[in-house]
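# Secondary and tertiary structure notes
So the chains spell out like this:
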Amino acid sequence: MSTTTDTSSGNSTRDTWAKLETLATDATSINIAEQLNLPARLDRLSIDLGRLFVDLSKHAVTEEILELLLALAEESQVLEHARRMITGQTVNTSENRPALHMGLRNPAPPLPDEFIEQVKAEQTKLDSLSRQIRNGAWTGITGEPITDVINIGIGGSDLGPKMVVQALREFHTGPKVHFISNVDGAEILSLLKTLNAASTLVVVSSKTFTTAETLLNTQTALDWLEVELDVEKPQSTAHCIAITSDRKKAQSFGIPDQHILTFPDSIGGRYSVWSSIGFSICIALGFDNFKSFLSGAAQVDQHFLNAPPEKNVPLLMGLIGIWYNNFMKVQTHAVIPYCERLGLFVDYLQQLDMESNGKSTTLEGDSVNSETGPIVWGQTGTNGQHAFFQLLHQGTKLAPVDFIGAIFDDLSKPEHHRVLLANMIAQSEALMKGQVNADPHRQYPGNRPSATLLLDKLDPESLGMLLALYEQKVFVQGAIWSINSFDQWGVELGKQLTNKILGGSSEHDPSTSALLKKTGLSD
Ligand code: F6P
């Protein structure tokens, strides 16, 4: 909960919070099916964003709860916080930086001039480099055009581009793009065995250019290029391009300046798919499709900043999530895309949501006094139906679900697509309706909430909209919890201890020492 310094709004936030807590004690009496029969409910909670239709009406919230949640958003100054973010104020306080990813989709005032210029210049470079690679003008040292690109990166430098390239397979007209993230050497070694070095481009994607996994994978790829092409320092050739916020580090790694794409430090890793980190997307799909992806996201940003709160989709998604998370004590949130090409969307969301809001310290540095980010999980339907849906329907744990589908799919066949969509809609209905049966094993309790998000078709624009929707939802929740959604200090300790182990430290507890011995990492 926000511990805002404005005492009057702090008090009203506490009042609203207390009222919601009172309502939550009686929440089991909320009957979603009955709520749905109320006049205007469907109208009120289904919102058409053009390419994306969102139905929130099967959620376990009443009108009274929604009113209080909207009051909470107002008292927590969520939209004011969003405006502070977009105007470049320091919202990432622990790292003393702004969070300007929205500016990548619409680089225009009131953003700082310097930022706008850098984004536009980098977009021009993205366009030109990706065009040369796609049309064969960019050649390797033996004169061969590029047939294969390896994006080496991890976290935000991998998940976004990998997910988008997979999701938008229908639009792939450029060279093959492979993604290597894990330091598990079996991955890169087996990929390299299938490639021709003379026509391969290595794209090193790392905001900081310090990430151990990325640097080791890059070294392995460079060693391979060196042997296969009989060339010294392959990083200085047309076989290597770097994308980073730290140009100097890439330069000292030996990458020529004209082979370095950059993006501002104010773009967090998990928010960087909109930046030069989207280079692999441009290579695979073309820069024009990348621009459509950005424009889809920009449309949602405008909606988020301008739509009335009661029709504001990311705001409502965030608030309803707060209701489950903070008042109904629900721990998880399931996301089930009914589109196999969106399989990696869940992985992408896990970083976006859990790295942003998996925090227990407020912006002021105090311990939070309420639950923060949920555990996000899921997989594609219909596969999930044959795995974990048993628990969703009859288990003891409540897990609200977001179903995501596309109304049309040109890559599928009508009879397949009908079955796919019928399954998705049936699941949301079954979860809500349940079924009475004399046999307790065959009884479905029902009253289990879900939302359904329908893209009219999975394409660059609608995918951009979908991602921005979740980004803003995560933002809303972080603002209400008054946490910093833009840092990720929680991932640092493990990195330090890995280095300590690799450095030969012997100061470990008995379990750790035994494991190190057993694995040969210590004597
Ligand atoms: O360790 C977490 C993290 O910092 C993520 O936030 C980030 O997306 C990822 O590592 C990769 O970082 P980089 O792009 O600097 O290599």
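Residues numbered from 1 in each chain as written. Predicted model: local features only at pLDDT ≥ 70, side-chain atom pairs only at ≥ 80, totals over all residues. Heavy atoms only, no water.

## Let's talk about the overall build of the chain
As a reminder of what qualifies: Secondary structure follows DSSP: runs of H or I at least 4 residues long count as helices, runs of E at least 2 residues long count as strands, and numbering of each begins at the N terminus. Only heavy atoms enter the contact rule, under which two residues are in contact if any of them lie within 4.5 Å. All accessible-area figures derive from a Shrake-Rupley calculation using a 1.4 Å probe, and residue coverage is judged against the displayed protein chains alone.
Looking only at helices and strands, the chain features 20 helices and 11 strands. C-alpha atoms of the chain, sized along the principal axes, occupy 70 × 55 × 55 Å. When contacts within the chain are restricted to residue pairs at least 6 apart in sequence, those whose partners lie at least 24 apart make up 75%. When the accessible surface of the chain is totalled, it reaches about 22500 Å², and 52% of it is carbon and sulfur.

## Concerning the pattern of salt bridges
Stated formally: Salt bridges are counted wherever a side-chain nitrogen of Lys or Arg sits within 4 Å of a carboxyl oxygen of Asp or Glu. Working definition: with a 1.4 Å probe on protein chains only, accessible area under 20% of the residue-type maximum means buried, over 50% means exposed, and in between means partly exposed.
All told, the structure shown has 23 salt bridges when counted by the stated rule. Between E95 and R97 there is a salt bridge whose closest N-O contact spans 3.4 Å. Here K495 makes a salt bridge to E492, at a shortest N to O gap of 3.3 Å. Here K495 and its partner E492 are both found in helix α19 (residues 492-502), 3 residues apart, which amounts to about one turn of the helix. We classify K495 as partly exposed; its relative accessible area is 44%. Using a relative accessible area of 28% as the deciding quantity, one classes E492 as partly exposed. Taken together, the shared-partner salt bridges in this structure form one network comprising E170, R341, D409, D410 and K457.

## Observations regarding the domain arrangement of the chain
Rules: Boundary definitions for the domains trace back to an automatic or database domain assignment.
On domain assignment, one finds that the chain holds domain 1 (10-90 + 307-487), domain 2 (102-290) and domain 3 (489-523). Put simply, the middle of domain 1 and the middle of domain 3, counted by C-alpha atoms, are 39 Å apart.

## Looking at the environment of R442
Applicable threshold: Polar contact is the term for a pair of N or O atoms within 3.5 Å; when the atoms are in protein, one must be able to donate a hydrogen and the other to accept it, and sequence-neighboring residues count only if both atoms are side-chain atoms.
By the element assignment, R442 lies in the loop between α17 (414-433) and β11 (450-457). R442 has contacts with Q394, Q435 and N437, leaving out every residue within four places of it along the chain. A polar side-chain atom of R442 sits 2.5 Å from a polar atom in the side chain of D439.

## Remarks on the side chain of Q123
Summarising the element assignment, Q123 is placed in helix α7 (residues 113-135). We classify Q123 as buried; its relative accessible area is 9%. Separated by 3.3 Å, the side chain of Q123 and the backbone oxygen of L104 make a polar contact.

## Re the sheet that holds strand β7 (residues 260-262)
Going by this rule: For two strands to count as paired, DSSP must find a minimum of two bridges between them. Inter-axis angles, ranging from 0 to 180 degrees, are taken between N-to-C directions of lines fitted to C-alpha atoms, where helices are fitted over the stretch in contact.
Overall, parallel pairing links the 5 strands, which are arranged β4-β3-β5-β6-β7 in an open sheet. Pairing within the sheet leaves two strands with one partner each, and these edge strands are β4 (176-180) and β7. This sheet shows a mean twist of 20° between the axes of neighbouring strands, independent of strand direction. Sheet topology places strand β6 (residues 240-244) next to β7; 3 bridges connect them, and they run parallel.

## Regarding the site of the ligand
As a reminder of what qualifies: Definition of nearness: a residue and a molecule or strand are near each other if at least one heavy atom of the residue lies within 4 Å of the molecule or strand. Amino acids are sorted into nonpolar (Ala, Val, Leu, Ile, Met, Phe, Trp, Tyr, Cys and Pro), charged (Asp, Glu, Lys and Arg) and polar (every other residue, Gly among them).
Taken together, 14 residues surround the ligand, and among them S157, S206, K207, T208 and T211 come closest. Interatomic distance of 2.6 Å between a side-chain N/O atom of S157 and an oxygen atom of the ligand. The separation between an oxygen atom of the ligand and a polar main-chain atom of K207 is 2.7 Å. With the chains in place, 89% of the 390 Å² that the ligand exposes on its own is no longer accessible. A per-class count over the shell around the ligand returns 2 nonpolar, 9 polar and 3 charged.

## Some details on a negative patch on the surface
Keep this limit in mind: Excluding any residue in a salt bridge, patches collect residues exceeding 30% relative accessible area, merging like charges within 9 Å and nonpolar Val, Leu, Ile, Met, Phe, Trp and Tyr side chains within 5 Å. Neither His nor the chain ends is counted toward charge; the positive residues are Lys and Arg and the negative residues Asp and Glu. The atom standing in for a charge is NZ when the residue is Lys, CZ when it is Arg, CG when it is Asp and CD when it is Glu.
Taken together, the side chains of D223, E226, D230 and E232 define an acidic patch exposed on the protein surface. Mapped onto the secondary structure, D223 falls in helix α10 (residues 212-229).

## Focus on the nonpolar core
Spelled out, the test is: Note on terminology: a nonpolar core comprises buried Ala, Val, Leu, Ile, Met, Phe, Trp, Tyr and Cys residues joined through side-chain atoms within 4.5 Å.
Membership of the largest hydrophobic core comes to 118 residues, with the highest contact counts inside it found for F279, W323, F345, L453, L463 and Y470. Counting residues per element, this core draws most heavily on helix α18 (residues 460-481), which supplies 13 residues. Summarising the domain contributions, this core has at least three residues from each of domain 1 (10-90 + 307-487) and domain 2 (102-290). When sequence neighbours within four positions are dropped, the list of residues in contact with L453 reads L52, F53, V54, M317, D402, F403, I404, G405, L466, L469 and Y470. Ranked by size, the runner-up nonpolar core spans 24 residues in total, among them I152, A198, A221 and A242.

## Focus on the packing of helix α9 (residues 185-192) against α10
What counts here: If an angle is under 35 degrees, it is roughly parallel; if it is over 145, roughly antiparallel; if it lies from 65 to 115, roughly perpendicular; otherwise it is oblique. Note on convention: the crossing is left-handed when the near helix lies turned anticlockwise from the far helix by less than a right angle, right-handed when the turn is clockwise.
Running from amino to carboxyl end, α9 crosses α10 at an angle of 25°, the nearest separation of the two axes being 10 Å. Taken together, α9 and α10 sit at an angle that is classed as roughly parallel. For the pair α9 and α10, the sense of crossing is right-handed. Together, I188, L189 and L192 of α9 and N217, T220, A221 and W224 of α10 make up the contact between the two elements.

## Focus on the packing of aromatic side chains
This is how it is decided: Planes of paired rings set the category: under 30 degrees apart is stacked, over 60 is edge-to-face and the rest tilted, where pairs are Phe, Tyr or Trp rings (Trp by its six-membered ring) whose centres lie within 6.5 Å.
Within the structure shown, the criterion is met by 12 aromatic pairs. Ring geometry for F209 against F253: centres 5.5 Å apart, planes inclined by 75°, an arrangement best described as edge-to-face. Note that F209 is positioned in the loop between β5 (200-205) and α10 and F253 in the loop between α11 (247-252) and β7, a separation of 44 residues in sequence. Among the residues examined, F209 registers a relative accessible area of 4% and is labelled buried. On the basis of an interplanar angle of 40° and a centroid distance of 5.4 Å, the ring pair of F388 and F389 is categorised as tilted.

## What to know about the environment of L100
Along the chain, L100 falls in the loop between α5 (78-86) and α6 (102-105). Taking the C-alpha atoms as reference points, L100 and T87, 13 residues apart in sequence, are found 8.1 Å from one another. Non-local contacts of L100, meaning those with residues more than four positions away in its chain, are made with M85, I86, G88, L111, F115, S266 and I267.

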